[in-house]
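Secondary and tertiary structure notes
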Amino acid sequence: MVKSYNEYSNHNMRRPIVKPEIVALMRGEQKALTGFLADVEAFAHAENIPVIPHETVVYFQFLLQTLQPKKILEIGTAIGFSALLMAQASPDASITTIERNPEMATLARENLAKYDSAQQIEVIEGDAIDVLASLPDGYDFAFMDSAKSKYIVFLPEILNRLSVGGIVLIDDVFQGGDVAKPIEEVKRNQRGIYRGLHKLFDASLTHPYLTATLVPLGDGLLMIRKNAEKVDLV
């Protein structure tokens, strides 16, 4: 049994923010995964390990097949599902993925040993803020799916390493709709996440050197394009 997500989990990100019948349509009518990606996804669901939902999976496939990035950065590897998905959609990309949970990093490496036949993916175990400081620049795509309250901490470091025109995708930014509520209506143990996400929105959505958009897939995506070499977040 995988222990990491069975005792402590954030249930907000399991509450999609569109109508249930639309979620069912998106998950039931769009092309299903096959092969090893389907196996890794099924394992994640069976073990209560959060991975991107199917509507986001299909969007990732479309986006990455279109963009064909060459150098991808990911914060939050878990068992390697999204990294493997990105590698399959972008076969010429090299992917650096950071995971602080030792159990998840071990499982990810096991999956990569079996399924990353082209050796596109490198897992770095450690706290993202420490690892990011040691990474070079030149990334053209980044994906964050980690501690939600820390997104605003990680984003400046990611932007510093992102090429102009590069894109950042940030997952689970709606928290089951809680971000649209007054903070007094949010559970106390979720308010740190709430504050962090609102700082993220304040810093990015109207920034003059960024193009940002909120996408209502899963529990919400924030997409950001870097439009200038130097971007200072306030």
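About the criteria used
- Residues numbered from 1 in each chain as written.
- Predicted model: local features only at pLDDT ≥ 70, side-chain atom pairs only at ≥ 80, totals over all residues.
- Heavy atoms only, no water.
- Phe/Tyr/Trp six-rings, centres within 6.5 Å; stacked < 30°, edge-to-face > 60°.
- Helix = DSSP H or I, 4+ residues; strand = E, 2+ residues; numbered from the N terminus.
- Buried < 20%, exposed > 50% of the residue type's maximum accessible area, 1.4 Å probe, protein only.
- Lys NZ or Arg CZ within 6 Å of the ring centre and 35° of its normal.
- Pairing = 2+ DSSP bridges.
- Axes fitted to C-alpha atoms, helices over the stretch in contact; angles between N-to-C directions.
- Lys, Arg positive; Asp, Glu negative; His and termini not counted.
- Salt bridge = Lys/Arg side-chain N within 4 Å of Asp/Glu carboxyl O.
- Contact = heavy atoms within 4.5 Å.
- Left-handed = near helix turned anticlockwise from the far one by under 90°.
- Nonpolar A, V, L, I, M, F, W, Y, C, P; charged D, E, K, R; others polar.
- Expected span 1.5 Å × (residues − 1).
- Arc of directions from axis to C-beta.
- Polar contact = N/O pair within 3.5 Å; in protein donor to acceptor, adjacent residues only side chain to side chain.
- UniProt positions renumbered as here; feature names shortened; annotations may be inferred.

**Considerations on the packing of aromatic side chains**
Here the structure, examined in full by the defined rule, presents two aromatic pairs. Look at F36 and Y115: their rings are 4.9 Å apart centre to centre, the planes differ by 10°, and that puts the pair in the stacked class. Taken together, the residues span a long stretch of sequence, with F36 in helix α2 (residues 35-46) and Y115 in helix α5 (residues 102-115) at a distance of 79 residues. Residue class for F36 comes out partly exposed when judged on its relative accessible area of 25%. Taking 4.8 Å as the distance between ring centres and 75° as the angle between the ring planes, the aromatic pair formed by F60 and F143 counts as edge-to-face. Of this pair, F60 sits in helix α3 (residues 54-67) while F143 sits in strand β4 (residues 139-144), and the two are 83 residues apart along the sequence. Judged by its relative accessible area of 0%, F143 falls in the buried class. Above the plane of the ring of Y139 lies K71, whose end atom (NZ or CZ) is 4.7 Å from the centre.

**What about the sheet that holds strand β5 (residues 162-171)?**
What holds strands together in a sheet is hydrogen bonding between their backbones, with the strands either parallel or antiparallel. If you trace the seven strands from one edge of the open sheet to the other, you get β3-β2-β1-β4-β5-β7-β6, paired in mixed fashion. The open sheet has two edge strands, β3 (121-125) and β6 (210-215), and neither has a second partner. Each strand of the sheet is rotated relative to its neighbour by a mean of 15°, with strand direction disregarded. Both β4 and β5 contribute to a ladder of five bridges, which runs parallel. Along β5, the bridge assignment pairs Y139 with L162.

**Observations regarding the side chain of D171**
Assignment of secondary structure puts D171 in strand β5. Although D171 lies buried, it forms no salt bridge, and the closest oppositely charged side chain, K148, sits 5.7 Å away as judged by the N-O distance. Excluding residues that lie within four positions of it along the chain, D171 makes contacts with I52, F143, M144, D145, K148, Y151, G220 and L221.

**A word on the packing of α3 against helix α4 (residues 81-89)**
Between α3 and α4, the shortest axis-to-axis distance is 9 Å and the interhelical angle comes to 35°. Two packed elements cross with a definite hand, and for α3 against α4 that hand is right-handed. The segment α3 lies against α4, with V57, F60, Q61, L64 and Q65 engaging F81, L85, M86, Q88 and A89. Split by residue class, the contact of α3 with α4 holds seven nonpolar, three polar and no charged.

**Topic: α5**
For α5, which comprises 14 residues, the first-to-last C-alpha distance of 20 Å matches the rise-based estimate of 20 Å (1.5 Å per residue) to within 8%. Listed in full, the buried residues belonging to α5 are M104, A105, L107, A108, N111 and L112. For α5, the buried positions fall inside an angular range of 165° around the axis, keeping them on one side. Relative to its buried face, α5 has exposed residues pointing more than 90 degrees away, namely A113 and K114. Here the buried face of α5 lies against α2, α4, β2 (94-99) and β3. Of the residues flanking the start of α5, the one acting as N-cap is N101, its side-chain oxygen 2.9 Å from the backbone nitrogen of E103.

**Structural notes on unusual backbone geometry**
Most of the time, phi is negative for any residue but glycine, and the peptide bond is trans. One non-glycine residue with positive phi stands out, namely Q68, at about 50°. Residue position: Q68 is located in the loop between α3 and β1 (71-75). Overall, Q68 belongs to the partly exposed group, its relative accessible area being 26%.

**Here's the deal with the UniProt feature "binding site: S-adenosyl-L-methionine" (unreviewed entry) in the protein chain**
Sites flagged by UniProt as "binding site: S-adenosyl-L-methionine" (unreviewed entry) map to I52, S82, E99, D127, A128 and D145. By the secondary structure assignment, S82 is in helix α4. We classify S82 as buried; its relative accessible area is 7%. Separated by 2.3 Å, the side chains of S82 and E74 make a polar contact.

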